[in-house]
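So you can see what is in the structure, the chains are spelled out below.
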Amino acid sequence: MDNRIRRIYVPMTESGFYILFCLQRPQHGYGISQQVKQMTGGDLTISAGTMYGTLSKMEKDGLIAFVKEEEKRKLYQITGLGHEILNLELRRIERLYKNSKGENVNE
Amino acid sequence: MNNRKTLIRFFTISDYEDEEIWLRSQHQKGWKLVKMIVPCFYIFESCVPRDVVYRLDYKNNTENHDYFQIFQDYGWEYFARCMGWLYFRKPVSETDTEQDKEIFSDNNSRIDMVNHIVKTRMLPLICIFFCCLLPNFIHSIEEANSFADVLTVIFTVLLLIYLYLFIHCGLKLRKLRQKYSGIK
């Protein structure tokens, strides 16, 4: 993985993380926002401009890819590189959580 | 037609937040924006007074059809474009939260937009200034005839307007970026 990508996406913003996480299944922009709302009990909303901007950036950087079009909406899915980033983030967040609980972290 | 009116109002590339507020207040008074004509003509149509949020996004023609689809899915009505800016609106009655009235949900995306404006509008203006306006200005000062004197006056006025606008936009964009970064 190239260092530039790593520098931009690790750590990630909360919106970025949820978008990438949701794209483990093919989904379109508005669909992601609805899913995130549900997952966070309405605490996190991702607005239209932020959604479009994040999707285009992630597509350009190769974290997600266009899969197909459904009812005029573009569906995206995570790529191999996206998975690598997501796993780095998951490990980081897990460590953060364990440390906050005072558990031992042996990494 | 008396159900239309044209207002003249000049907003620079750094005044989009003021423009949004102004357009909202016009709609509250029963005038909805139909289109703009460069540089400062706003054409309104009379309508039922209503509280409608207006939002401007600067894309400089980089948007695609999925962009409009996403905004439509979020309940935004796209109704006009002007000089790289896209105009959206949404009735307040159709929003549940404050966030529903925004097109950006984090400051990173707001800063991205400011940076996009600086890169595609401010930088070309600097180039025009140094490559075109300034050399012509110096050239017209050096020439000594009455035609050149007229040119000098014209260039001086242009140069002053240019400088004023440039400084106004530069400072305001910087302030916006600071506001979004939480420095203020």
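Computed from a predicted structure; not experimentally measured. (Residues numbered from 1 in each chain as written. Chains lettered and ligands numbered in written order. Predicted model: local features only at pLDDT ≥ 70, side-chain atom pairs only at ≥ 80, totals over all residues.)

**Some remarks on the overall build of chain B**
Part 1 of the argument: Tallying secondary structure elements over chain B gives 4 helices and 6 strands in all.
Part 2 of the argument: Going residue by residue from the N terminus, the α and β elements of chain B occur as β-α-β-β-β-α-β-β-α-α.
Part 3 of the argument: For chain B, the C-alpha atoms occupy an extent of roughly 65 × 45 × 35 Å along the three principal directions.
Part 4 of the argument: Sorting the 184 residues of chain B into buried and exposed places 19% on the buried side.
Part 5 of the argument: Considering only residue pairs separated by 6 or more positions, chain B has 61% of its internal contacts joining residues 24 or more positions apart. (Helix = DSSP H or I, 4+ residues; strand = E, 2+ residues; numbered from the N terminus. Buried ≥ 20, exposed ≤ 12 C-beta atoms within 10 Å, placed from the backbone. Contact = placed C-beta atoms within 7 Å.)

**Topic: helix H1 (residues 16–28) of chain B**
Residue and element names in this part refer to chain B.
Part 1 of the argument: With 13 residues, H1 should reach 18 Å at 1.5 Å per residue; the first-to-last C-alpha distance of 18 Å fits that figure.
Part 2 of the argument: Looking at H1, one finds that the buried residues are Tyr16, Leu23, Gln26 and His27. For H1, the arc enclosing every buried residue in end-on projection is 95°, short of the 170-degree limit, so these residues lie on one face. Seen from the open side of H1, the exposed residues pointing more than 90 degrees away from its buried face are Ile21 and Ser25.
Part 3 of the argument: The inward-facing, buried residues of H1 abut strand S2 (31–37), strand S3 (41–46) and strand S4 (52–58). (Expected span 1.5 Å × (residues − 1). Arc of directions from axis to C-beta.)

**Quick look at the interface of chain B and chain A**
Part 1 of the argument: Taken together, the contact pairs 19 residues of chain B with 16 residues of chain A.
Part 2 of the argument: Per-element tally for the side of chain B that touches chain A: the top contributor is helix H2 (residues 65–73) of chain B, with 6 residues.
Part 3 of the argument: Class assignment of the residues belonging to the side of chain B that touches chain A gives a composition of 7 nonpolar, 6 polar and 6 charged. (Nonpolar A, V, L, I, M, F, W, Y, C, P; charged D, E, K, R; others polar.)

**Thoughts on helix H4 (residues 48–60) of chain A**
Residues and elements named next belong to chain A.
Part 1 of the argument: Here H4 contains 13 residues, and its C-alpha end-to-end distance of 18 Å stays within 8% of the 18 Å for a straight helix at 1.5 Å per residue.
Part 2 of the argument: Taken as a whole, H4 has its buried residues at Ala48, Gly49, Thr50, Met51, Tyr52, Gly53, Thr54, Leu55 and Met58.
Part 3 of the argument: Taken from the residues just after H4, glycine 62 is the one with a positive phi, measuring 80°.

**A few points about the sheet that holds S4(B)**
All names here are of chain B.
Part 1 of the argument: The strand order across the open sheet built from 3 strands is S4-S6-S5, with neighbouring strands paired in antiparallel fashion. Of all strands in the sheet, those bounded by a partner on one side alone are S4 and strand S5 (77–82). Direction aside, the axes of adjacent strands within the sheet are offset by 25° on average.
Part 2 of the argument: Bridge count for S4 against strand S6 (residues 85–91) is 7 bridges, and the pairing is antiparallel. Looking at the pairing, tyrosine 58 lines up with tryptophan 85 of S6. (Pairing = 2+ DSSP bridges. Axes fitted to C-alpha atoms, helices over the stretch in contact; angles between N-to-C directions.)

**Observations regarding the pairing of S5(B)**
Residue and element names in this part refer to chain B.
Part 1 of the argument: Pairing between S5 and S6: 5 bridges, direction antiparallel. By the bridge assignment, glutamate 77 is partnered in S6 with arginine 89.
Part 2 of the argument: Hairpin connection from S5 to S6: 2 residues lie between these consecutive antiparallel strands, with methionine 83 at a positive phi of about 50°.

**Some words on the domain arrangement of chain B**
Residue and element names in this part refer to chain B.
Part 1 of the argument: By domain assignment, chain B separates into domain 1 (4–101) and domain 2 (107–181).
Part 2 of the argument: Put simply, the middle of domain 1 and the middle of domain 2, counted by C-alpha atoms, are 27 Å apart.
Part 3 of the argument: The partner domain 2 presents 11 residues to the 5 residues of domain 1 that form the contact. (Domains from an automatic or database assignment.)

**Things to note about unusual backbone geometry**
Residue and element names in this part refer to chain A.
Part 1 of the argument: Here valine 10 and proline 11 are connected by a cis peptide whose omega angle stands at -5°.
Part 2 of the argument: Structurally, the position occupied by proline 11 is in the loop between helix H1 (3–9) and helix H2 (14–22).
Part 3 of the argument: Residues other than glycine seldom take positive phi values, yet glutamate 71 does so here, at roughly 45°.
Part 4 of the argument: With respect to the helices and strands, glutamate 71 occurs in the loop between strand S1 (64–70) and strand S2 (73–78).
Part 5 of the argument: Look at lysine 72: it is not a glycine, yet its phi comes out positive at around 70°.
Part 6 of the argument: Examined against the element boundaries, lysine 72 turns out to sit in the loop between S1 and S2.

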